[in-house]
Amino acid sequence: MDFKEKIRIIEDFPVEGISFKDITTLIGNGPVFRTLIDNMADKLRGQNIDYIAGPEARGFIFGVPLAYALGVGFIPIRKRGKLPAETVAITYDLEYGSDTLEIHKDSFEKGARIALVDDLLATGGTISACARLIELAGGEIASVDFIIELTGLKGRDKLDGYSVESVVQYEF
Ligand SMILES: O=P(O)(O)OC[C@H]1O[C@H](OP(=O)(O)OP(=O)(O)O)[C@H](O)[C@@H]1O
Ligand SMILES: Nc1ncnc2[nH]cnc12
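If you're wondering where the values come from, they're calculated on a predicted model, not measured in any experiment. (Residues numbered from 1 in each chain as written. Chains lettered and ligands numbered in written order. Predicted model: local features only at pLDDT ≥ 70, side-chain atom pairs only at ≥ 80, totals over all residues. Heavy atoms only, no water.)

Draft legend 1. Layout of the site of ligand 2. With respect to spatial proximity, the complete set of residues near ligand 2 consists of Ile18, Ser19, Phe20, Lys21, Arg58, Leu120, Ala122 and Leu150. A distance of 2.9 Å is found between a nitrogen atom of ligand 2 and a backbone nitrogen or oxygen belonging to Lys21. Across the complex, the protein chains shield 76% of the 260 Å² of accessible surface that ligand 2 would expose by itself. Of all the elements, strand E2 (residues 19–22) adds the most residues to the shell around ligand 2, at three residues. Partitioned by chemical class, the residues of the shell around ligand 2 number five nonpolar, one polar and two charged. (Near = heavy atom within 4 Å. Polar contact = N/O pair within 3.5 Å; in protein donor to acceptor, adjacent residues only side chain to side chain. Areas by Shrake-Rupley, 256 points an atom, 1.4 Å probe, with all protein chains shown as cover. Helix = DSSP H or I, 4+ residues; strand = E, 2+ residues; numbered from the N terminus. Nonpolar A, V, L, I, M, F, W, Y, C, P; charged D, E, K, R; others polar.)

The following block contains the structure:
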């Protein structure tokens, strides 16, 4: 199935010069969405994955059905101040300023094998912070999976040592 064809491109959103990859057209199509999740689940099956983790908001869209398909738990990685119990946090640099992501401290057992999932790899700042956060909390990153990779932004360079996969690629 041609998943790329289902992703809508909006030029100059949210600011001039950005070619925005809009996944709402993909997830809005039931058979396409189901096939995508089934394909990703097939690749992860047999890898002894204990949990799927993904950052809000778009990481939830793909991570939750994938966890359901595999029959494993989902660990939400949230922006600061959203999780009610005790958390582990990481602060990372953005183009301007910084951001903090958190997970619940008790969301998995030490040594759990966790597959990280997000919709898109751009600079890699978000996902490398997620990987460090999981490791800080004692988890092992089994794989890192994206629907979309913007290869020209070299986000993969920040994920050295991990098994990284993407379903469709664009340069920018
Ligand atoms: O590789 P990076 O340069 O870090 O960019 C990729 C991240 O940016 C987007 O999320 P965004 O922060 O826009 O949040 P959203 O999912 O809530 O829309 C996207 O969903 C990734 O998580
Ligand atoms: N070009 C892009 N399209 C959609 N989401 C993004 N997040 C970061 N860059 C993006």
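Now that the structure has been shown, we can carry on.
Draft legend 2. Broad picture of the nonpolar core. Counting residues in hydrophobic clusters, the biggest one holds 27 residues, and the most contacted among them are Leu26, Ile52, Phe62, Leu66 and Ile148. Every element with two or more residues in this core is listed here: helix H2 (30–44), helix H3 (58–70), strand E7 (113–121), strand E8 (140–150) and strand E9 (164–170). For this core, the leading source of residues is H2, giving seven residues. With near-sequence residues (within four places) excluded, Leu66 lies in contact with Ile37, Met40, Ala41, Leu44, Ile52 and Val117. (Core = buried A, V, L, I, M, F, W, Y, C linked by side-chain atoms within 4.5 Å. Buried < 20%, exposed > 50% of the residue type's maximum accessible area, 1.4 Å probe, protein only. Contact = heavy atoms within 4.5 Å.)

These figures come from the coordinates and say nothing about function on their own.
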